[in-house]
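A closer look at the structure
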Amino acid sequence: MAELIADAALLPNHRSSMVKDNVITFDQRERQYGFRAVAVDRVSLENPYHPDSTAETDHDMMTFLWKEDQR
């Protein structure tokens, strides 16, 4: 699952909240920010480069590290 944060106008069927990250002025001495509405959604993503989830995963990493330390 991934969290998608977007302008509320792009996700009209989702609850929105206000965040103060809209830059009004870029003056370094007196920078000002305004509010904008954002909405959050969760999307499912598939990673085609991830190994098969049925692959064997029974291993003991600590034993491997201990053997490396003994060299």
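All of these numbers come straight from a predicted model, not from anything done at the bench.

Each value, and the rule that gives it
Residues numbered from 1 in each chain as written. Predicted model: local features only at pLDDT ≥ 70, side-chain atom pairs only at ≥ 80, totals over all residues. Heavy atoms only, no water. Patch = residues over 30% accessible without salt bridge, like charges linked within 9 Å, V, L, I, M, F, W, Y side chains within 5 Å. Areas by Shrake-Rupley, 256 points an atom, 1.4 Å probe, with all protein chains shown as cover. Salt bridge = Lys/Arg side-chain N within 4 Å of Asp/Glu carboxyl O. Helix = DSSP H or I, 4+ residues; strand = E, 2+ residues; numbered from the N terminus. Pairing = 2+ DSSP bridges. Axes fitted to C-alpha atoms, helices over the stretch in contact; angles between N-to-C directions.

On the surface, Met-61, Met-62, Phe-64 and Leu-65 cluster together to form a nonpolar patch covering roughly 420 Å² of accessible area. Tracing the chain through its elements places Met-61 in helix H1 (residues 61–69).

As summarised here, the arrangement of the three strands in space is E1-E3-E2, forming an open sheet in which the pairing is antiparallel. A single partner strand is all that each edge strand has here, and the edge strands are strand E1 (2–7) and strand E2 (16–25). For this sheet the average axis-to-axis angle between neighbouring strands, irrespective of direction, equals 40°. Where E2 meets strand E3 (residues 32–43), seven bridges bridge the pair, whose relative direction is antiparallel. When the bridges of E3 are listed, Ser-17 appears paired with Val-38.

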